[in-house]
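Coordinate analysis (summary)
Next come the chains, spelled out residue by residue.
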Amino acid sequence: MTMDEQLTAIDRLRLRAFPAEPVRSGTVESGPGFHIAGLRVGQDFWDADPAEVAEAEEEFEDDLTALVQALSLRWGPPEVLDLTPHLERLAQGLPVRPPLDTLCGYVPRMHGWRVAGRWIGVGVGQGQAELPFQLLVAVGDERVA
């Protein structure tokens, strides 16, 4: 997906109504008050060379940096949301509200903006060492972060 396609996807999600019940369609997971979409998903790393994993991580981080710069031109500097405390709460069996409950399993931090009553966040993560890297966008009501 090109940068223009990523920005278009973000704009569409930002304007899309939230469903009343959780639903998944292709690369988009939605629920009451949120949407999460994979803008780019890499390959699995089951028997990968560590250098290959490091190279993929660098590519995804570069893509994230470029996307954050493009969105910052629109909406100003982002807030950075550390998702580690949410992951720790989940590990302790404590509740974490959506979509943070899903995001914290993949992404350690999100760069986010508040725009027209919604929160838009982007981040890169990898659920486990053998899983692919993902460039994710999350859109939620302003209570998300």
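Being a predicted model, the structure only gives us computed values, none of them experimental.

1. Regarding the pattern of salt bridges
Between side chains of opposite charge, a pair can form as their charged atoms come close. With the rule as written, the count across this model stands at six salt bridges. Among the ionic pairs, Arg14 bridges to Asp11, the shortest N-O distance being 3.9 Å. With Arg14 and Asp11 both in helix α1 (residues 3-15), this residue pair falls three residues apart, about one helical turn. Here Arg40 ties to Asp63 by a salt bridge, and the two come within 2.4 Å at their closest N and O atoms. One end of the pair, Arg40, is in strand β3 (residues 34-41); the other, Asp63, is in helix α2 (residues 50-75), with 23 residues separating them in the sequence. Residue Asp63 is classed as partly exposed on the basis of its relative accessible area of 26%.

2. Regarding the sheet that holds strand β7 (residues 134-141)
Taken in spatial order, the seven strands make up an open sheet running β1-β2-β3-β7-β6-β5-β4, and their pairing is antiparallel. The sheet terminates laterally at β1 (23-25) and β4 (79-82), the two strands that pair on one side only. Across the sheet, the mean angle separating the axes of adjacent strands is 20° when strand polarity is ignored. Pairing analysis gives seven bridges linking β3 to β7, with the strands arranged antiparallel. Paired with Gly38 across the strands is Leu136, a residue of β7.

3. Examining the pairing of strand β2 (residues 28-31)
One ladder, built from three bridges, connects β1 with β2; its direction is antiparallel. By the bridge assignment for β2, Arg24 is matched with Glu29. Connecting the antiparallel pair β1 and β2 is a turn made up of two residues, with Gly26 showing a positive phi of about 65°. Here β2 pairs with β3 via four bridges, running antiparallel. Across the sheet, Val28 pairs through a bridge with Ala37, a residue of β3. With antiparallel pairing between neighbouring strands as the criterion, β2 and β3 make up a hairpin whose turn holds two residues, including Gly33 at a positive phi of roughly 90°.

Conventions and cut-offs
Residues numbered from 1 in each chain as written. Predicted model: local features only at pLDDT ≥ 70, side-chain atom pairs only at ≥ 80, totals over all residues. Heavy atoms only, no water. Salt bridge = Lys/Arg side-chain N within 4 Å of Asp/Glu carboxyl O. Helix = DSSP H or I, 4+ residues; strand = E, 2+ residues; numbered from the N terminus. Buried < 20%, exposed > 50% of the residue type's maximum accessible area, 1.4 Å probe, protein only. Pairing = 2+ DSSP bridges. Axes fitted to C-alpha atoms, helices over the stretch in contact; angles between N-to-C directions.

Coordinates in, geometry out; function isn't part of it.
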